[in-house]
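Breakdown of the fold
Each chain is listed here by its residues.
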Amino acid sequence: MPSRAPAVMVSSTFYDLRQIRADLTTFIVDDLGYVPLLSELNSFPVDPDAATIENCRRRVEEDADILVLIVGGRYGSVDSKSARSVTNLEYLTARAKGIPVYAFVEKKVLAVVPVWRQNPDANFTGIVDDPRVLHFIDQVRSVDQVWTHEFETAQEIIDTLRMQLAYLMTEGLSWRQQLRQRSRESRILERLKSESLRLALERPLAWEYRLFSQVLADEVENWCDLKRDYQLGVVLGLGEYLALEDFHPWMQARMAELKRTVAAAVTLVNEVAPQAFGPLGTHGDPETIVFVARRIGDVYRHLLEWAQMVRRAAVDERLTAVVTELAGFADGIIGQIESLGPRVLAGIDEALAQPSSEGVKVLHVTLELAIPNVERFQQALDQALLDLGLSYDA
């Protein structure tokens with residue numbers, strides 16, 4: 001548990017909103033007792049080896065618990081790499097981190113957004129210094145659907161924040177109480193990421209399937225670097241040297257290992273997951289749902305590691321194509337596991353959208369894993385055997 005007060009990042013341009021930022025600092029420190037994160041403060045953590053824009057982004061990523069976004073008529077400093085303003089980058093970092101974002105837009109600027117949307121090539125220099133300000137506001141409101149508040153004075157922002165942060169406190173206390181009441185589940189739930197934890201606690205309609213899908217997505221995301229190595233063909237670490245006489249038993253051992261891994265995934269989805277979801281008309285077991293999703297995540301990781309292990313094998317050059325196709329056995333299975341969570345969510349939405357005369361909607365989750373390149377593998381093996389003047393059953 002954190003042993004410090006919440007840190008509030010105020011994200012805005014500086015010169016035009018200097019007084020508002022100063023008033024908010026007083027509110028954050030004196031009224032709330034929170035930690036203010038504003039770049040003009042001496043307490044703002046700075047890495048002397050990082051550029052100004054990178055320092056601001058890091059403060060959101062590493063320190064901020066809440067982001068207060070304030071948009072006026074200036075776009076502000078622009079990052080040369082992304083062509084986005086500092087405020088824009090801070091906002092995107094907060095969204096990616098999943099922290100609460102409270103957005104405020106100056107009233108006169110907000111008023112011209114509908115006009116700009118109808119005629120984006122018009123001249124709005126009397127209101128904003130760069131039309132990208134209006135595009136950014138539209139992104140926040142219409143695309144990201146973040147609730148925005150209009151303001152003319154700092155006091156309006158302070159009054160709104162006082163109420164919104166009180167609501168946030170109430171929500172946090174409610175979640176804390178729910179975790180305490182579910183003591184058997186608390187250990188595993190406390191390890192969940194934000195969206196998965198929300199689903200486990202709030203339990204919306206079809207929460208069992210949503211929780212399963214989200215936890216599985218989180219597990220897949222945990223291994224994104226390993227997946228990237230796999231996609232790019234980056235193979236690191238020591239590998240086995242295989243003499244010709246050792247290749248066949250090695251290949252059979254790798255295929256047997258792959259079959260066991262695939263069988264484990266099928267069992268988890270087709271047999272264990274339905275038990276975790278519970279019989280029709282009853283609630284599922286969140287602890288088992290999380291366990292199943294994480295175990296499938298382990299299968300996903302093992303498949304990536306298995307393929308990389310196969311690639312590391314040092315073999316006669318006439319067997320290189322065989323090794324390549326053998327490692328490719330994991331391709332389709334990896335993709336099917338990645339798509340399982342989104343497929344389940346799509347099934348939920350489709351089932352809920354369909355009318356049901358009995359008021360009961362049933363969703364069946366199954367997994368059928370297939371190896372797509374068996375024919376190419378056999379062709380590579382046949383060619384290698386021909387080149388080597390050998391023959392044996394694959």
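A few points on the structure. (Residues numbered from 1 in each chain as written. Predicted model: local features only at pLDDT ≥ 70, side-chain atom pairs only at ≥ 80, totals over all residues. Heavy atoms only, no water.)

This part covers empty space enclosed by the protein. For the structure shown, the criterion picks out one cavity of 30 Å³ or more. Considering only enclosed or pocket space, the largest cavity measures out at about 70 Å³ in volume. Along the walls of the largest cavity sit Thr13, Ile70, Val71, Gly72, Arg74, Tyr75, Ser85, Thr87, Val133 and Phe136, which together make up its complete lining. Those elements that provide at least two residues to the lining of the largest cavity are β3 (66–71) and α5 (132–143). For the lining of the largest cavity, the class distribution of residues is five nonpolar, four polar and one charged. (1 Å grid on protein atoms, 1.4 Å probe; cavity = no way out; pocket = protein on both sides within 12 Å on 5 of 7 lines; lining within 4 Å. Points joined across faces, edges and corners; volume = space filled by probe spheres on them. Helix = DSSP H or I, 4+ residues; strand = E, 2+ residues; numbered from the N terminus. Nonpolar A, V, L, I, M, F, W, Y, C, P; charged D, E, K, R; others polar.)

Despite not being glycine, Ala83 shows a phi value in the positive range, around 60 degrees. Of the residues examined, Ala83 reaches a relative accessible area of 43% and is grouped as partly exposed. Phi at Ala206 takes a positive value of approximately 60 degrees, unusual for a residue other than glycine. Checked against the element boundaries, Ala206 lands in the loop between α8 (194–202) and α9 (207–222). (Buried < 20%, exposed > 50% of the residue type's maximum accessible area, 1.4 Å probe, protein only.)

What follows is about the packing of aromatic side chains. The geometry of an aromatic ring pair comes down to the distance between the two centres and the angle between the two planes. Enumeration over the complete set of coordinates arrives at five aromatic pairs. Where Tyr209 meets Phe277, the ring centres are 4.3 Å apart and the plane angle is 40 degrees; that geometry is what we call tilted. Of this pair, Tyr209 sits in helix α9 while Phe277 sits in helix α11 (residues 244–277), placing them 68 residues apart in sequence. Classification of Tyr209 by relative accessible area gives buried; the value is 18%. A relative accessible area of 6% means that Phe277 is categorised as buried. Judged by centre distance (5.8 Å) and plane angle (90 degrees), the ring pair of Phe212 and Phe277 falls under edge-to-face. One end of the pair, Phe212, is in helix α9; the other, Phe277, is in helix α11, and 65 residues separate them in sequence. Take Phe212: its relative accessible area is 1%, and that puts it in the buried class. Taken together, the ring pairs in this structure connect Tyr209, Phe212 and Phe277 into an aromatic cluster. (Phe/Tyr/Trp six-rings, centres within 6.5 Å; stacked < 30°, edge-to-face > 60°.)

On to helix α2 (residues 52–63), then. Spanning 12 residues, α2 covers 16 Å between terminal C-alpha atoms, matching the ideal 16 Å at 1.5 Å per step. Every buried residue of α2 is listed here: Asn55, Cys56, Arg59 and Val60. Seen end-on, α2 carries its buried residues on one side only, within an arc spanning 135 degrees. (Expected span 1.5 Å × (residues − 1). Arc of directions from axis to C-beta.)

Here we come to the packing of α2 against helix α3 (residues 86–97). α3 packs onto α2 with a crossing angle of 25 degrees between their chain directions and a minimal axis gap of 9 Å. In terms of orientation, α2 lies roughly parallel with respect to α3. You can see that α2 and α3 cross each other, and the crossing is right-handed. Contact residues: α2 offers Ile53, Cys56, Arg57, Val60, Glu61, Glu62 and Asp63, while α3 offers Val86, Leu89, Glu90, Thr93, Ala94 and Lys97. (Axes fitted to C-alpha atoms, helices over the stretch in contact; angles between N-to-C directions. Parallel < 35°, antiparallel > 145°, perpendicular 65-115°, else oblique. Left-handed = near helix turned anticlockwise from the far one by under 90°. Contact = heavy atoms within 4.5 Å.)

Turning to the environment of Phe44, a few remarks are in order. Summarising the element assignment, Phe44 is placed in the loop between β2 (35–37) and α2. Residues contacting Phe44, with those up to four places away along its chain left out, are Met9, Leu37, Leu38, Ser39, Cys56 and Arg59.

Between α8 and α9, the shortest axis-to-axis distance is 9 Å and the interhelical angle comes to 165 degrees. The angle between α8 and α9 falls in the class roughly antiparallel. Helix-helix and strand crossings are classified by hand; for α8 and α9 the assignment is left-handed. Contacts between α8 and α9 involve Glu195, Ser196, Leu199 and Ala200 on the former and, on the latter, Trp207, Arg210, Leu211, Gln214, Val215 and Asp218. Of the residues assigned to the contact of α8 with α9, the class counts are five nonpolar, two polar and three charged.

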